[in-house]
Amino acid sequence: MEYKVCKSEEVPDNSMKVISIQGSNILVCRSNNQLFALDNSCPHRGASLSKGETKGTKIICYMHDFEYDLISGKLLHIPSKWNDQNPNWKKSDNLLLFQISEKNGQIYIQL
Ligand code: FES
């Protein structure tokens, strides 16, 4: 189902916005002029990804600095400061990504 999310101008380049739809917090971000939509909850331990930062097609969670790919949703990198952590603690699902599009100055996502 397609939802109208906000106006394009509300998400300028290199910015993020959290939108609540059907009880889910969706993070809409534009990074290097590309739009992405994903669940705002980090798949590692649930931190708010809106407090992190994007770098091109990557997003870095502020809580433990895990780095995820905004295109595939996959975990790309765990900082070496966590090398000694229990492997179970380091496990993470992928990002939950949603389709996003832009038409006539409006942003839409598919849920
Ligand atoms: S909660 Fe996001 S990296 Fe751990």
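Rules used in this analysis
Residues numbered from 1 in each chain as written. Predicted model: local features only at pLDDT ≥ 70, side-chain atom pairs only at ≥ 80, totals over all residues. Heavy atoms only, no water. Helix = DSSP H or I, 4+ residues; strand = E, 2+ residues; numbered from the N terminus. Rg over C-alpha atoms; globule rule 2.2 N^0.38 Å. Contact = heavy atoms within 4.5 Å. Lys, Arg positive; Asp, Glu negative; His and termini not counted. Charge placed at Lys NZ, Arg CZ, Asp CG, Glu CD. Buried < 20%, exposed > 50% of the residue type's maximum accessible area, 1.4 Å probe, protein only. Core = buried A, V, L, I, M, F, W, Y, C linked by side-chain atoms within 4.5 Å. Salt bridge = Lys/Arg side-chain N within 4 Å of Asp/Glu carboxyl O. Pairing = 2+ DSSP bridges. Axes fitted to C-alpha atoms, helices over the stretch in contact; angles between N-to-C directions.

What to know about the overall build of the protein chain
When its secondary structure is counted, the protein chain shows one helix and 10 strands. Helices and strands appear in the protein chain in the N-to-C order β-β-β-β-β-β-β-β-α-β-β. On C-alpha atoms alone, the protein chain measures out to a radius of gyration of 14 Å, which is about the 13 Å that the 2.2 N^0.38 rule sets for 111 residues. Expressed as lengths along the three principal axes of its C-alpha atoms, the size of the protein chain is roughly 50 × 25 × 20 Å. Within the protein chain, contacts between residues at least 6 apart in sequence are counted, and of these 41% link residues at least 24 apart. With 13 positive and 12 negative side-chain charges, the protein chain shows a separation of 3 Å between the mean positions of the two kinds.

Focus: the side chain of H64
Checked against the element boundaries, H64 lands in the loop between strand 6 (58–60) and strand 7 (67–69). Overall, the relative accessible area of 15% leaves H64 in the buried class. What H64 contacts, discounting residues up to four positions off in sequence, is H44, R45, P79, K81, W82 and W89.

Overview of the nonpolar core
Nonpolar side chains in soluble globular proteins generally cluster together in the buried interior. Membership of the largest hydrophobic core comes to 15 residues, with the highest contact counts inside it found for L38, C42, L49, I59, Y68, L70 and L95. Those elements that place two or more of their residues in this core are strand 3 (24–31) and strand 4 (34–39). Ignoring anything within four residues of it in the chain, the contact list for I59 reads M16, L27, L49, E53, T54, F66, E67, Y68, L70 and L95. Counting residues in hydrophobic clusters, the runner-up holds 13 residues, among them Y3, I21, V28 and A37.

Overview of the pattern of salt bridges
What the rule picks out here adds up to five salt bridges. As a salt-bridge pair, K103 and E2 come within 3.5 Å of each other at their nearest N and O atoms. Of the two residues, K103 is situated in strand 9 (residues 97–103) and E2 in strand 1 (residues 2–7); the sequence distance between them amounts to 101 residues. In this structure E2 comes out as partly exposed when scored by relative accessible area, which is 39%. Between E10 and K17 there is a salt bridge, with its nearest N and O atoms 3.2 Å apart. On the accessibility criterion, K17 (26% relative accessible area) is partly exposed.

Some words on the sheet that holds strand 4
With antiparallel pairing, the six strands of this open sheet are ordered in space as 1-10-9-4-3-2. With partners counted over all chains shown, the strands left at the sheet margins are strand 1 and strand 2 (15–21), one partner each. If you compare each strand with its neighbour and ignore which way they point, the axes differ by 30 degrees on average. Judged from the two bridges that link them, strand 4 and strand 9 form a sheet pairing that is antiparallel. Its bridge partner lying in strand 9, L38 is registered against L97.

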